[in-house]
Amino acid sequence: MPPRRNKRARIIVAVAAPIVILLLIVVANLLPNTSAPTGEWKAGQCVSPAGQVGDQEGKAFHRVGCDASDAAAKITKMTSAGLTGLEPTDCPDDTDAMVKVDQSGGHLDLTHNVACIRNINAPHPGDVGQGGGLFRAGDCISDPAASSHLKEVPCAQSHWGTVVRWADSASACPQGADYDAVRTLGGSRALCVRRASGQTS
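The following refers to the structure shown. (Residues numbered from 1 in each chain as written. Predicted model: local features only at pLDDT ≥ 70, side-chain atom pairs only at ≥ 80, totals over all residues. Heavy atoms only, no water.)

**Considering the overall build of the protein chain**
Phase 1: Looking only at helices and strands, one finds one helix and 10 strands in the protein chain.
Phase 2: Counted from the first residue to the last, the protein chain has its helices and strands arranged as α-β-β-β-β-β-β-β-β-β-β.
Phase 3: Counting only residues that meet the buried cut, the protein chain has 33% of its 201 residues in that class.
Phase 4: Sequence separation of at least 24 residues holds for 52% of the intrachain contacts in the protein chain that already meet a minimum separation of 6.
Phase 5: When the accessible surface of the protein chain is totalled, it reaches about 12,000 Å², and 57% of it is carbon and sulfur. (Helix = DSSP H or I, 4+ residues; strand = E, 2+ residues; numbered from the N terminus. Buried < 20%, exposed > 50% of the residue type's maximum accessible area, 1.4 Å probe, protein only. Contact = heavy atoms within 4.5 Å. Areas by Shrake-Rupley, 256 points an atom, 1.4 Å probe, with all protein chains shown as cover.)

Next comes the structure, spelled out in structure tokens:
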């Protein structure tokens, strides 16, 4: 009789062990992913803090687990700012901010040195007219003569003009007393702008 009980015990252990392992795997998959990503920056990873108006340089951003309590924005695309240092134009339209990163241990990798991010929750400065993200039709800008960098501002605030569209050259922008073409530093493209009432070129 005792040998039979031992055999049964061995069978129970043999059956139970895979079940325990399976349960551990399931539990591990259900636990929040709070650990910060390592290695290359990639789409789908999360960062902190949220992308706010005026912080497009992203110098204070750091990666966190997407289930971490301080996860505030998600990387939607990795791209390049180009050799001129201009903001990338191939980020998704709903980008809230562009975060410059160092992918190569101290040497800037110009092939994927910018993370396009979208806040997990509102506010979304990258939405049209909200004062951040990419320049596109409906966004508002401050006076380009007042700063060395073209700045987007919320349309609800005082602004110099409203973006009509991008053009390949200044001459391709609408002409007239109320319109202007603002060239980007180091680029040939122009931002076509309709000046706000009372604003002059």
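**Remarks on unusual backbone geometry**
Phase 1: A cis amide bond links Ser 48 with the next residue in sequence, Pro 49, at an omega value of 0°.
Phase 2: Mapped onto the elements, Pro 49 comes out in the loop between β1 (46-48) and β2 (62-64).
Phase 3: Ala 122 connects to Pro 123 through a cis peptide bond whose omega is 10°.
Phase 4: With respect to the element layout, Pro 123 can be found in the loop between β5 (114-119) and β6 (140-141).

**Let's talk about the environment of Ser 188**
Phase 1: In this structure, Ser 188 sits in the loop between β9 (179-183) and β10 (190-195).
Phase 2: Contacts of Ser 188, omitting those with residues within four sequence positions, involve Asp 168 and Ser 169.

**Observations concerning the state of the cysteines**
Phase 1: Applying the stated rule across the entire model yields four disulfides.
Phase 2: Across the disulfide from Cys 91 sits Cys 116; the S-S distance is 1.9 Å. Taking the torsion about the sulfur-sulfur bond, which here is approximately -70°, the covalent link between Cys 91 and Cys 116 counts as left-handed. Taken together, the positions of Cys 91 in the loop between β3 (73-79) and β4 (97-100) and Cys 116 in strand β5 put the pair 25 residues apart, joining distant regions of the chain. (Disulfide = S-S within 2.5 Å.)

**Considerations on the sheet that holds β4**
Phase 1: Taken together, five strands build an open sheet; the order of strands is β2-β1-β3-β5-β4 and the sheet is antiparallel. Two strands close off the open sheet at either side, each with one partner strand: β2 and β4. In this sheet, neighbouring strand axes are inclined to one another by 45° on average, regardless of whether the strands run parallel or antiparallel.
Phase 2: With four bridges joining them, β4 and β5 adopt antiparallel strand pairing. (Pairing = 2+ DSSP bridges. Axes fitted to C-alpha atoms, helices over the stretch in contact; angles between N-to-C directions.)

**Digging into the environment of Asp 96**
Phase 1: Along the chain, Asp 96 turns up in the loop between β3 and β4.
Phase 2: Note on Asp 96: relative accessible area 0%, which makes it buried.
Phase 3: Considering only alpha carbons, one finds Asp 96 and Ala 73, 23 residues apart in sequence, at a separation of 8.9 Å.
Phase 4: Apart from the residues lying within four places of it in its own chain, the contact partners of Asp 96 are Gly 51, Ile 117, Arg 118, Asn 119, Pro 123, His 124, Pro 125, Gly 126, Asp 127, Gly 132 and Gly 133.
Phase 5: A polar atom in the side chain of Asp 96 sits 2.8 Å from the backbone nitrogen of Asn 119. (Polar contact = N/O pair within 3.5 Å; in protein donor to acceptor, adjacent residues only side chain to side chain.)

**Remarks on the sheet that holds strand β8 (residues 161-167)**
Phase 1: Read across the open sheet, the five strands follow the order β7-β6-β8-β10-β9; overall the sheet is antiparallel. With one partner strand each, in any of the chains shown, β7 (152-153) and β9 form the two edges of the open sheet.
Phase 2: Pairing of β8 with β10 involves six bridges; the strand directions are antiparallel. Bridging across to β10, Val 163 finds its partner in Val 193.

**Examining the side chain of Gln 45**
Phase 1: Turning to its location among the elements, Gln 45 is positioned in the loop between α1 (2-30) and β1.
Phase 2: At 3.1 Å, the side chain of Gln 45 forms a polar contact with the side chain of Arg 63.
Phase 3: When residues no more than four places from it in sequence are discounted, the contact partners of Gln 45 are Pro 37, Glu 40, Arg 63, Cys 66, Ala 73, Lys 74 and Ile 75.

These values are about where atoms sit, not about what they do.
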